[in-house]
Amino acid sequence: MTTSAGTELTLDCAGLTVLIAGTTAAARRTVRRYSAGGATVRRIAAPEQFHPRLLDAVSLAVVVDGPSTDGPFTDGTLIRHDDGGSVSGDSWAPLREACRERRILTSSEEPAAVGGRVTLIGGGPGVEDLLTVRAKQALREADVVLYDRLGPYRTLAQLAPGAELIDVGKTPGHHPVSQTDIEKLMVAKAREGHHVVRLKGGDPFVFGRGGEEVNTCTAEGIPVTTVPGISSSIAVPAAAGIPVTYRGVAHAFTVISGHQPLTEQELEALAKLGGTIVVLMGIGTLPQLTSGLRRAGLASTVPVAIVEKGYSPEQRTTVTNLGEAVTAAGLARCTSPAVVVIGEVVRQHRDFSSTLEQVLTPPMVAS
Ligand code: SAH
């Protein structure tokens, strides 16, 4: 068996059968480490589950939440090789005793207290198959996942097996967990030695407060990496068949947040720039935006698409124009999450799933 320095010990234990005893949360990293090293791993989560037969073919038993005296190793894991004396009050004593009788090596580990880190992951627009390979890899290695409902949260139990899953989701207007508290939690969990994954919708650096979370980790001395994601600003229009750029039609696209109304200066600059305007979080401020853009010179006939709940079975596209958008959105009862697309590219849309849209506005697509 070999070990090497690093954030996690690397073990070469191909061919060994290892019994790992300890609660799921405490033993997770140990299981992963031995599995990665090629061992056949057997698990028991509670002392009552122990039966001597479980030791058949086992060459090493590791008790993860037992008392420890030595260490720490480079990854902060404390390891004590048992010298044969039983520890008073140790609920795993029958296991150790049976190992001694069978001359099976035992060791004790404590969950690491240092060595935590954070990975910010862009989860894409909400479906698992739009996660990147790298994002899936990081989720597999997660001890804790902080998620909200914009990312692909439904299959998290499979994507991050054994990880503690914490919903820090925000619905518009409600903030169950404040940004400060999310960051505090992230830091606290990393300080406990965990690999914390912060799973965000879309890309972490597009209106995702990812930059702030990176800065917090850095300020706290916690290693942090980011995994980019597929941003809804491009992917959700695409789900409705709308390309954000189109040769000869739009050679620029501007992504704006509708969280707060734009200033007159911003509206004028946007109208002058031309190209496609993509609005995230834009349902609440649609009246200010559409009237502001018209004030700034855009024609009321400029096409507008509101694409709700992209990539979900409830995806719906409402096609209208700048002059009628507020009425159309009201009649169709458009709600968040939705991406609003303003510009000639909307004529490319291929999603006629909404019957309301046909009632409100005749389809604008030529083909
Ligand atoms: N970082 C994210 C955006 C976060 S802001 C990204 O890059 O996509 C949240 C806004 O994103 C929502 O209000 C909505 O405008 C948009 N959004 C995200 N996922 C969406 C989806 N599946 N369907 C429609 N809009 C979505």
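Residues numbered from 1 in each chain as written. Predicted model: local features only at pLDDT ≥ 70, side-chain atom pairs only at ≥ 80, totals over all residues. Heavy atoms only, no water.

Per an unreviewed UniProt entry, the protein chain carries the name uroporphyrinogen-III C-methyltransferase and comes from Arthrobacter subterraneus.

This brings us to the packing of aromatic side chains. Applying the stated criterion to the full structure yields one aromatic pair. Both rings, one in Tyr 147 and one in Tyr 153, keep their centres 6.2 Å apart while their planes meet at 10°; by these two values the pair is stacked. The exposure class of Tyr 147 is buried, given its relative accessible area of 14%. Among the residues examined, Tyr 153 registers a relative accessible area of 25% and is labelled partly exposed. (Phe/Tyr/Trp six-rings, centres within 6.5 Å; stacked < 30°, edge-to-face > 60°. Buried < 20%, exposed > 50% of the residue type's maximum accessible area, 1.4 Å probe, protein only.)

Within the largest apolar cluster, 19 residues are counted, with the highest numbers of intra-cluster contacts made by Leu 293, Ile 306 and Ile 342. When neighbours within four sequence positions are excluded, Ile 342 is seen to be in contact with Gly 275, Thr 276, Ile 277, Val 279, Leu 289, Leu 293, Val 302, Pro 303, Val 304 and Leu 322. (Core = buried A, V, L, I, M, F, W, Y, C linked by side-chain atoms within 4.5 Å. Contact = heavy atoms within 4.5 Å.)

Here we have five strands laid out as an open sheet, ordered β8-β7-β9-β6-β10, and parallel in their pairing. Every other strand in the sheet has two partners, leaving β8 (164–167) and β10 (224–227) as the edge strands with one partner each. Sheet twist, expressed as the mean angle between neighbouring strand axes with direction ignored, is 20°. Strand direction decides the pairing type here: strand β7 (residues 144–147) and β8, joined by four bridges, are parallel. Each residue of the ladder has a partner; that of Val 144, found in β8, is Glu 164. Its contacts with the sheet put helix α3 (residues 133–140) on β6 (117–122), β7, β9 (195–200) and β10, and the angle it makes with β6 is roughly 145°. (Pairing = 2+ DSSP bridges. Helix = DSSP H or I, 4+ residues; strand = E, 2+ residues; numbered from the N terminus. Axes fitted to C-alpha atoms, helices over the stretch in contact; angles between N-to-C directions.)

The sheet built from five strands is open, its strands ordered β11-β12-β15-β13-β14 with mixed pairing. Each having just a single partner strand, β11 (253–257) and β14 (316–321) make up the two edges of the open sheet. Ignoring strand direction, the axes of neighbouring strands in this sheet form an average angle of 20°. In this sheet, strand β15 (residues 338–342) lies alongside strand β12 (residues 276–280) in antiparallel orientation, the contact comprising four bridges. Of the residues in β15, the one forming a bridge with Leu 280 is Val 339. Helix α7 (residues 232–239) contacts β11, β12, β13 (303–308) and β15 of the sheet and is inclined by roughly 80° relative to β15.

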